[in-house]
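Letter by letter, the chains look like this.
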Amino acid sequence: MDSSSIIRKTAGDLRRVPNFVDYAGERSTFSWPAVRAQFAETGFNIATHAVERHASGALRDKVAFRFLSRDKPARDVSYGELSQLTSRFANVLETLGIGRGERVFVLAGRIPELYVAVLGSLKHGAVVSPLFSAFGPEPIATRVNLGEGRVLVTTDMLYERKVAKWRDRMPTLQHVLLVAEDGGRTDVPGTLDLAVLMAEASDQCTVAATGQEEMSLLHFTSGTTGTPKGAVHVHGAVVTHFATGRYALDLHADDTYWCTADPGWVTGTSYGIIAPLLHGVTSIIDREEFDAERWYSILQDEAVTVWYTAPTAIRMLMKAGAEIPHKYRFPQLRFIASVGEPLNPEAVRWGKEVLGLPIHDNWWQTETGGIMIANTPAFDIKPGSMGRPLPGIDAAIMRHHEDGTVTPIEEPDVEGELALKRGWPSMFRAYLNNEERYRKCFAGEWYLTGDLAKRDADGYFWFVGRADDVIKSAGHLIGPFEVESALMEHPAVAEAGVIGKPDPVVGEVVKAFVSLKKGFEESEALRMELLGHARKKLGAAVAPKEIAFLPSLPRTRSGKIMRRLLKARELGLPEGDTSTLEGGA
Ligand code: ATP
Ligand code: MG
C-alpha cells in the first residue's frame, strides 16, 4: 500500500488515550498468568468482576446501563441496582431448581431483563445463551435443542409469535419466564411471569464459585459460511475481556460507551455487556433498530466517548449521506472501533472526515471470545488493515503443505491462513456436540481461523477473505475484500459483495453485486463506469467482469454480507442454512 495513506497518530490523538499504552513494550512484558493473578483472589465468576466488585465499592451508584427507546424515557440502572436485580434472577433460577452448568436461553430485544438474565445466570453458575429476538421459530428451536435449554426467558409477544406452537419440539425446556412487553403482568398458560418471580426473590445471593474452566456462555456463530456452530465459552475468559477492553477499546471508568451490537452475537455480550462492566463504564443500550438520524443524535446527546460498531452500520451511515451528520457535534467522542467484517479504507477515512476520528478496525471471531488483532489507540492506522495482534496474542500466517502439515510463513506479504497460538483465556473450548469439527480447527499449538490474511513487514495484518470465499480466476487467487473496497471508492457505491462465478475457461470470473448510495440511479452507463473504475484500480485480471445492482445485499443479523447466498442465487442452487439471514425470519 501507499504509505501516504497511513493515518498517523498525533500527540493530540494520543492525549485522548488516558493510559497511553506503549504497544511494543507492553507486548514484550505481557503475560496472561500475571493478569489472571489479579482475578484469582476473588474467583473467576464473570459476574463477580463485572458487577459485584463495583456494587460493593465506589461505583455503586454509578450508571452501569442506560437503556434508550423511542417511546419511553431513558432507564438508568446503577451498578448497585444491577447487583440486586441479578441476585434476584439468580435466586429465581435457584427456586426453579436450575443447577450449575444448566442452560438458560434468552430471546428478547435489548431490554433490561435480557441483561439481568445474562448476568444473573452467570452469577448462579448457569450457562447462558442469548438469541437474536428476530430469529424465527425454527432457528430458536434448533439452538435450544442443541444446547439442551432448560429455561427460556422471553417476552409475551415473542412467545406467542415464535415459541408457543413449537414448544413441544423443545423437550428439554422446563420453564418459560415471560416479560410483559407493556410492562404489566402476563398470564399465559404454561409460562411464569418473570416480574412476579423477581419481586418474590431475595436481592441478595452468593455468587457461584465457578472455576476458570467452567462453562459460562454458549454462543452461536453468525452462519455466514454455513450452519451456525455453538461455541462453548468459560468463566476464565473474563481475563481476556478485561485486557482487550483496555488495549483495543481503551475503556476507562469515566467513559460513556456505546456498543451497537446485539447480544444475539458475541460482540453484544463480550463487549456489549462484560468488558464495559469490568471497566466500570456507563454503557448506552439502544433498543431501536438502525436509523442514521437517531444514531448521530445518540452519539451527540449521550456524549458518547467510546463507540464500538460494525462496517455494515458505518456503510449505512455513509449511504444516508453527508448532510445529516453536519447537524450534530461530537466533541466528547474520542475513540471509534469496528468489527465483524473487513472495514474498507474508504470507511476509515470517512470517520475522520465526518466524525473527526478515524475508525479503528479490529478482528476476532465467536470462537476467540475476544478481540485478537486490532488497530489500537496507540499506533498509526493503515486503512484497510485489521491492525496488529494485542498483547498476549500470537498470530501467524500459515502455509498448508500437501502432506497435510501446516507451518507459519515467516516472510511478509504472503497470503495464507490466519492462525492464533492457543492459550489465550477466552478461547472457545468446544463446538457443542461437534468434537470432530472442533478438532479440525487445530494444528498442533495453532488454532486455524478459516480466514485468509497476510502480514506486512511492520507486523500489520491484512484480511484477504474467508477461505470459502476466495475466488480462483485464471491462476490468480482473488480476495473479495480487495475488489469490494475498490468498488466502494466510487462515489456511487454504498456496498459491494463479490463472488466467483464458475467459468469454463478461467475457472471462476469475478462478479460483483452493488447497492447504490442515495441520489444515484442504476443505469447501463453507471454499470460501465463501475466496470471501468474497477479495472483501472485493480487491473483486468482481478476486476469484476460482471456487475449487478441490488437495492441491498443479503446479510446476517450480525451484519455480514452473505456471499454464499449471492452465489447460490446466482447459480440457482439451494440457499442452505438461512436461519441468520436478516429479514429472513
Ligand atoms: P460462521 O462461522 O457461522 O460462518 P461467522 O464466521 O461470520 O459465521 P462470527 O464468529 O460472528 O461468525 O464472525 C467471525 C468472522 O467475521 C471472522 O472469521 C471473519 O471472517 C469476519 N471478521 C470479523 N472481523 C473482521 C475484520 N475486522 N475484518 C475482516 N473480517 C472480519
Ligand atoms: Mg466463522
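Residues numbered from 1 in each chain as written. Chains lettered and ligands numbered in written order. Predicted model: local features only at pLDDT ≥ 70, side-chain atom pairs only at ≥ 80, totals over all residues. Heavy atoms only, no water.

Per an unreviewed UniProt entry, the protein carries the name acetate--CoA ligase and comes from Sulfuritalea hydrogenivorans sk43H.

**Some remarks on the overall build of the protein**
The helix and strand inventory of the protein stands at 18 helices and 28 strands. For 585 residues, the compact-globule estimate of 2.2 N^0.38 gives 25 Å, and the C-alpha radius of gyration of the protein, at 23 Å, lies within 12% of that figure. Projected onto the principal axes, the alpha-carbon positions of the protein cover approximately 70 × 60 × 55 Å. Every one of the 585 residues in the protein was classed for burial, and the buried ones make up 62%. Across the protein, contacts joining residues at least 24 apart in sequence account for 70% of those joining residues at least 6 apart. (Helix = DSSP H or I, 4+ residues; strand = E, 2+ residues; numbered from the N terminus. Rg over C-alpha atoms; globule rule 2.2 N^0.38 Å. Buried < 20%, exposed > 50% of the residue type's maximum accessible area, 1.4 Å probe, protein only. Contact = heavy atoms within 4.5 Å.)

**Focus: the site of ligand 1**
Taken together, 22 residues lie near ligand 1, and Gly223, Thr224, Thr225, Asn362 and Thr366 sit nearest. Contact between ligand 1 and Gly340: a nitrogen atom at 3.1 Å from a main-chain N or O atom of the residue. Here Pro342 contributes a backbone N or O atom positioned 3.3 Å from a nitrogen atom of ligand 1. For ligand 1, the accessible surface in isolation is 630 Å², of which the surrounding protein chains cover 97%. Listing elements by their share of the shell around ligand 1, those giving two or more residues are strand 14 (360–363) and strand 23 (461–466). Of all the elements, strand 14 adds the most residues to the shell around ligand 1, at three residues. Residues of the shell around ligand 1, tallied by class, amount to six nonpolar, nine polar and seven charged. (Near = heavy atom within 4 Å. Polar contact = N/O pair within 3.5 Å; in protein donor to acceptor, adjacent residues only side chain to side chain. Areas by Shrake-Rupley, 256 points an atom, 1.4 Å probe, with all protein chains shown as cover. Nonpolar A, V, L, I, M, F, W, Y, C, P; charged D, E, K, R; others polar.)

**A short note on the domain arrangement of the protein**
Quite often, the size of an interface is put as the accessible area lost when its parts meet. Here the protein is described as being made up of domain 1 (44–455) and domain 2 (469–571). For domain 1 versus domain 2, the separation of C-alpha centres amounts to 31 Å. Listed per partner, the contact involves 25 residues of domain 1 and 24 residues of domain 2. Both sides of the domain 1 and domain 2 interface together cover about 2,100 Å² of buried area, and 57% of this is carbon and sulfur. Summed over the three residues of domain 1 that lose the most area to domain 2, namely Thr224, Arg315 and Lys319, the buried surface amounts to 27% of that side. Counting the contacts that link domain 1 with domain 2 gives one salt bridge. Here Arg315 ties to Glu495 by a salt bridge, and the two come within 3.8 Å at their closest N and O atoms. Summed over the shared surface of domain 1 and domain 2, the number is nine residue pairs in polar contact (both at pLDDT 80 or more). (Domains from an automatic or database assignment. Buried area = accessible area lost by both parts, 1.4 Å probe. Salt bridge = Lys/Arg side-chain N within 4 Å of Asp/Glu carboxyl O.)

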